[in-house]
Amino acid sequence: MRHKFLITEISSILILLIFLNCTNSTENKSFAAITQVKSQEPLPSCEWCGAMDAPEELSWSTNIADENEPGERLVLTGTVFNQDGTPGAGVLIYAYHTNAQGIYEKKGDETGNGKRHGHLRGWVKTDARGRYQFNTIKPAAYPSRSEPAHVHFTLSAENMPEYWIESTLFYDDPLISPKMRANDDKGRFAHIITLTKKDGVWVGERDIKLKK
């Protein structure tokens, strides 16, 4: 009797293991199929756009890089203004940048322009005071050193199609050419900003004026 019981018990365990293996295999195949479909989706015609990928629910502040992302922490903040100087409320800002090695790193499950821009990207919608904030890491220059380190920005809002603005650069970057510095807006709306370190985190402020 004990021998028969052990055989029955072992058989039950084997059946359970086969079932779990089949289930996991099916799930893995389903995930692989979904990933493959996403990878085959055509890229957006606009290479720099990102507003179309924005989540429905947005705050004025977001995290682009989680705490496990290698690199020095960076907070980019500022205020968006209308042409008349009033706060630009409800403006969608899309930002993306390279990782600490200067690469637009991808995890493989990106959609839309995430397949170009990588996973270090995010969206905010300015609050009633026009404020925005991105919590991320300080990007590095491309491995080729062809351009200074930068963060790409686009802006859009109701009745205002998405448009690209000059990338945010960092003042002490040796790759910024004299011509780039000469073309900077300077003053309040400069796109070459100075970073300061507070409690181990780089902090930079960039105010933006909406185009006419």
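Use the structure listed above.
Below is a summary of the structure that appears in this document. The model shown is predicted, which means the values in this text are computed figures rather than measured ones.

### Here we look at the state of the cysteines
Simply put, the disulfide is a covalent bond whose two ends are the sulfur atoms of two cysteines. Within the structure shown, the criterion is met by one disulfide. One disulfide in the model links C46 with C49; its S-S distance is 2.0 Å. One quick way to see it: the torsion about the S-S bond of C46 and C49 is about 80°, and its sign makes the bridge right-handed. We note that C46, like C49, is buried.

### Notes on the side chain of D207
Secondary-structure assignment places D207 in the loop between β10 (201–205) and β11 (208–209). Separated by 2.9 Å, the side chain of D207 and the backbone nitrogen of T79 make a polar contact. Of the polar contacts made by the side chain of D207, one reaches the side chain of R188; its length is 3.0 Å. Those residues in contact with D207 that sit more than four places away from it in its chain are G78, T79, F81, R188 and F189.

### A short note on the pairing of strand β7 (residues 160–170)
Burial of β7 is extensive: eight of the eleven residues sit out of reach of the surface. Note that strand β6 (residues 150–157) and β7 share six bridges and pair antiparallel. Note on β7: the bridge partner recorded for F153 is I165. Counting the residues between successive antiparallel strands, the hairpin from β6 to β7 contains two residues, one of them, N159, with a positive phi of roughly 60°. When β7 meets strand β8 (residues 192–193), the two strands line up parallel, connected through two bridges. Counterpart to L169 in the pairing with β8 is I192.

The rules we used
- Residues numbered from 1 in each chain as written.
- Predicted model: local features only at pLDDT ≥ 70, side-chain atom pairs only at ≥ 80, totals over all residues.
- Heavy atoms only, no water.
- Disulfide = S-S within 2.5 Å.
- Buried < 20%, exposed > 50% of the residue type's maximum accessible area, 1.4 Å probe, protein only.
- Helix = DSSP H or I, 4+ residues; strand = E, 2+ residues; numbered from the N terminus.
- Polar contact = N/O pair within 3.5 Å; in protein donor to acceptor, adjacent residues only side chain to side chain.
- Contact = heavy atoms within 4.5 Å.
- Pairing = 2+ DSSP bridges.

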